[in-house]
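Coordinates in review
The chain contents come next:
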Amino acid sequence: FAWNRLANGAVSDSIALQTGAEVVDRSRVAGFVLTGGIERQFMAGDWDWVVMNGGGNDLWLGCGCRACEASLTTMISQDGKSGRIPDLVTQILATGARVAYVGYLRSPEIVTPIEHCKKDGDELESRIRKLASTTSRTHFISLEDLVPPRGQGYFSFDLIHPSRMSSFLIGRRVSELIAKER
């Protein structure tokens, strides 16, 4: 979510613009779940919502395309009930906040540096959906349908991270959820 922050075009900027709410952005580039980087970004407080994302870097860079099941299970079990991600979500919910867990962009008909992680990324999101189904205060926001076929403009130069336009559209999806849940 930190991508595009320097150009005032991060997901958090979009959420602030569309909701009119004060938004505190603690995201960092290159966050990892398995090393605790995502957990360290959360700061307990009087939040209404905590919007988060994570796990992709762990699959792309952390498991070496060989031990992804072990990495997945450490992050979140098959049933979505245990692991580092559910532990963090439980910690956030204990503060009274709601959680919006945002998925990842897909790249239909585009070859990207992370195509080999698609199956594992889909499994990660399936497990997060299960986690979100366990409480009315946790929501999963899919980005599966955001990028049209050959939609390279939805990606930054690296074909991994969102373009400013995509960050805006992701923020719109989050803002729509927040408005719906008021």
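Residues numbered from 1 in each chain as written. Predicted model: local features only at pLDDT ≥ 70, side-chain atom pairs only at ≥ 80, totals over all residues. Heavy atoms only, no water.

With respect to the helices, strands and loops of the structure, Val-29 is situated in the loop between helix H1 (11-19) and helix H2 (37-41). Apart from residues no more than four positions distant in its own chain, Val-29 is found in contact with Ala-2 and Trp-3. (Helix = DSSP H or I, 4+ residues; strand = E, 2+ residues; numbered from the N terminus. Contact = heavy atoms within 4.5 Å.)

Here we take up the pattern of salt bridges. All told, the structure shown has 11 salt bridges when counted by the stated rule. For the salt bridge of Glu-181 with Arg-98, the shortest nitrogen-to-oxygen distance reads 3.8 Å. Within this pair, whereas Glu-181 is found in the segment after helix H7 (164-180), its partner Arg-98 is found in strand S2 (residues 98-102), the two being separated by 83 residues in sequence. By relative accessible area, Arg-98 is classed as partly exposed at 26%. The salt bridge involving Asp-145 is made with Arg-173; its shortest N-O contact spans 2.8 Å. With Asp-145 in the loop between strand S3 (138-141) and H7 and Arg-173 in helix H7, the pair connects residues that are 28 residues apart, well separated along the chain. (Salt bridge = Lys/Arg side-chain N within 4 Å of Asp/Glu carboxyl O. Buried < 20%, exposed > 50% of the residue type's maximum accessible area, 1.4 Å probe, protein only.)

Examined against the element boundaries, Ser-156 turns out to sit in the loop between S3 and H7. The class for Ser-156 is buried, based on a relative accessible area of 14%. A polar contact of 3.0 Å, which involves the side chain of Ser-156, links it to the side chain of Trp-3. Residue contacts for Ser-156: discarding those within four places in its chain leaves Trp-3, His-161, Pro-162 and Ser-163. (Polar contact = N/O pair within 3.5 Å; in protein donor to acceptor, adjacent residues only side chain to side chain.)

Burial along S3 is two-sided: the face carrying Thr-138 and Phe-140 and the face carrying His-139 and Ile-141 are both buried. Direction of pairing for S2 relative to S3: parallel, over a ladder of four bridges. Considered in S3, the bridge of Val-102 is made with Ile-141. Taking the sense of rotation as the criterion, the β-α-β connection linking S2, helix H6 (residues 118-132) and S3 turns out right-handed. (Pairing = 2+ DSSP bridges. Right-handed = clockwise from strand over helix to strand, strands pointing away.)

Glancing now at the sheet that holds strand S1 (residues 49-52). One open sheet holds the three strands; their spatial order is S1-S2-S3, and the pairing between them is parallel. For this open sheet the edge positions go to S1 and S3, each flanked by a neighbour on one side alone. Going across the sheet, the axis of each strand differs from the next one's by a mean of 20°, ignoring polarity. Against the sheet, H7 contacts S1, S2 and S3, and its axis sits at roughly 150° relative to S3. (Axes fitted to C-alpha atoms, helices over the stretch in contact; angles between N-to-C directions.)

Taken as a whole and assessed by the stated rule, the structure comprises one aromatic pair. Pairing Trp-3 with Phe-157 gives two aromatic rings, centres 6.2 Å apart and planes at 35°, and the pair type is tilted. Of the two residues, Trp-3 sits in the segment before H1 while Phe-157 sits in the loop between S3 and H7, which places them 154 residues apart along the sequence. We classify Phe-157 as exposed; its relative accessible area is 73%. (Phe/Tyr/Trp six-rings, centres within 6.5 Å; stacked < 30°, edge-to-face > 60°.)

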